[in-house]
Amino acid sequence: MIIKFTNFADGIHELEFRESAEKLNLGSDFVDDVLLNCEMDKSAHQIVLRCNTQATAHLICDRCTKEYDQSINHDFNMIYLIDKSGDSEDDTNIHFLSPDQDKINLSKDVKELTLLAMPMKHLCSEDCKGLCPKCGKDLNSGECNCNKDEINPVWEPLLKLKDKLNN
Ligand SMILES: [Zn+2]
Ligand SMILES: [Zn+2]
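Here is a short report on the structure shown in this document. The structure presented is a predicted model; accordingly, all values stated were derived computationally and were not measured. (Residues numbered from 1 in each chain as written. Chains lettered and ligands numbered in written order. Predicted model: local features only at pLDDT ≥ 70, side-chain atom pairs only at ≥ 80, totals over all residues. Heavy atoms only, no water.)

Quick word on the coordination of the zinc ion (ligand 2)
Distances from the zinc ion (ligand 2) to its protein donors, Cys132 (SG), Cys135 (SG), Cys144 (SG) and Cys146 (SG), fall within 2.3 to 2.4 Å. In this structure, the zinc ion (ligand 2) is surrounded by four donor atoms whose angles at the metal cover 106 to 113°, and the resulting shape is tetrahedral. Motif for the zinc ion (ligand 2), donor spacing along one chain: C-x2-C-x8-C-x1-C. Pair noted here: Cys135 is in the loop between helix H1 (107-117) and helix H2 (156-166) and Cys146 is in the loop between H1 and H2, with a separation of eleven residues, a long-range link. For Cys135, a relative accessible area of 44% gives the class partly exposed. (Donors = N, O, S within 2.8 Å, 3.2 Å for Na, K, Ca; no water. Tetrahedral: all angles 85-135°; square planar, octahedral: opposite > 155°, others 65-115°. Helix = DSSP H or I, 4+ residues; strand = E, 2+ residues; numbered from the N terminus. Buried < 20%, exposed > 50% of the residue type's maximum accessible area, 1.4 Å probe, protein only.)

Spelled out as structure tokens, the structure:
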């Protein structure tokens with residue numbers, strides 16, 4: 001995911017990159033290729049990139065334990081100032097390119113931003129019903145026969161005792 005920007009004239013250019021998740025070192029959760037689409041606005045002293053990444057993660061649902069694929073998308077902007085040496089600013093989206101540089105390598109940024117875009121909760125769908133805590137049936141494929149209001153058998157002797165005391 002390297003842009004050799006010296007090959008481009010000033011103006012707007014659409015760029016597309018594809019790299020395997022494995023090559024980007026994204027870890028075992030990610031599968032297939034990662035796509036990077038950028039619009040590069042190049043002028044004499046700066047390069048502005050508006051990019052979108054698309055990766056695919058193979059996850060296990062926290063609720064129903066089913067395996068599923070989720071696409072992880074992320075938009076980001078980067079500004080590169082050419083021919084200006086500056087201390088790195090607080091704004092991490094601004095980078096400096098020394099005059100002898102002719103390339104921008106986005107692989108590290110794509111890797112980091114993709115990992116950041118990964119949701120904390122892994123759900124096969126927003127309304128996943130999960131598994132029945134009693135029989136373990138996947139409730140997404142239909143209700144089970146367990147009575148959800150049924151009293152947990154552990155408490156039965158106590159309730160009987162309570163009845164006795166009340167009478
Ligand atoms: Zn699920
Ligand atoms: Zn059940």
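On we go.
A few points about the coordination of the zinc ion (ligand 1)
Around the zinc ion (ligand 1), the donor atoms from the protein are Cys61 (SG), Cys64 (SG), Cys124 (SG) and Cys128 (SG), and they sit 2.3 Å away. Classification of the site at the zinc ion (ligand 1) rests on its four donor atoms, whose angles at the metal span 106 to 114°, yielding the label tetrahedral. Written as a sequence motif, the donor arrangement for the zinc ion (ligand 1) is C-x2-C-x59-C-x3-C. Look at Cys64 and you get buried, because its relative accessible area is 4%.

Quick notes on the sheet that holds strand S6 (residues 94-97)
Pairing in this open sheet of five strands is mixed, and the strands run S2-S3-S4-S5-S6 from one edge to the other. Every other strand in the sheet has two partners, leaving strand S2 (11-20) and S6 as the edge strands with one partner each. Neighbouring strand axes in the sheet, compared pairwise and without regard to direction, differ in orientation by 25° on average. The sheet contact formed by strand S3 (residues 30-42) and strand S4 (residues 46-60) spans ten bridges and is antiparallel. Within S4, the residue paired with Glu39 across the bridge is Arg50. Packed onto the sheet, H1 meets S3, S4 and strand S5 (67-82) and runs at close to 135° relative to S5. (Pairing = 2+ DSSP bridges. Axes fitted to C-alpha atoms, helices over the stretch in contact; angles between N-to-C directions. Contact = heavy atoms within 4.5 Å.)

Looking at H1
Buried within H1 we find Ser107, Asp109, Val110, Leu113 and Thr114. Each buried residue of H1 sits inside an arc of 160° when the element is viewed along its axis, so together they form one side. Of the exposed residues in H1, the ones pointing more than 90 degrees away from its buried face are Lys108 and Leu116. Buried residues along H1 sit in contact with S3, S4, S5 and strand S7 (104-105). (Arc of directions from axis to C-beta.)

Concerning the environment of Leu35
Looking at the element boundaries, Leu35 is found in strand S3. Among the residues examined, Leu35 registers a relative accessible area of 24% and is labelled partly exposed. Residues Leu35 and Thr53, spaced 18 residues apart in sequence, show a C-alpha to C-alpha distance of 5.6 Å. Excluding residues that lie within four positions of it along the chain, Leu35 makes contacts with Phe17, Arg18, Asn52, Thr53 and Gln54.

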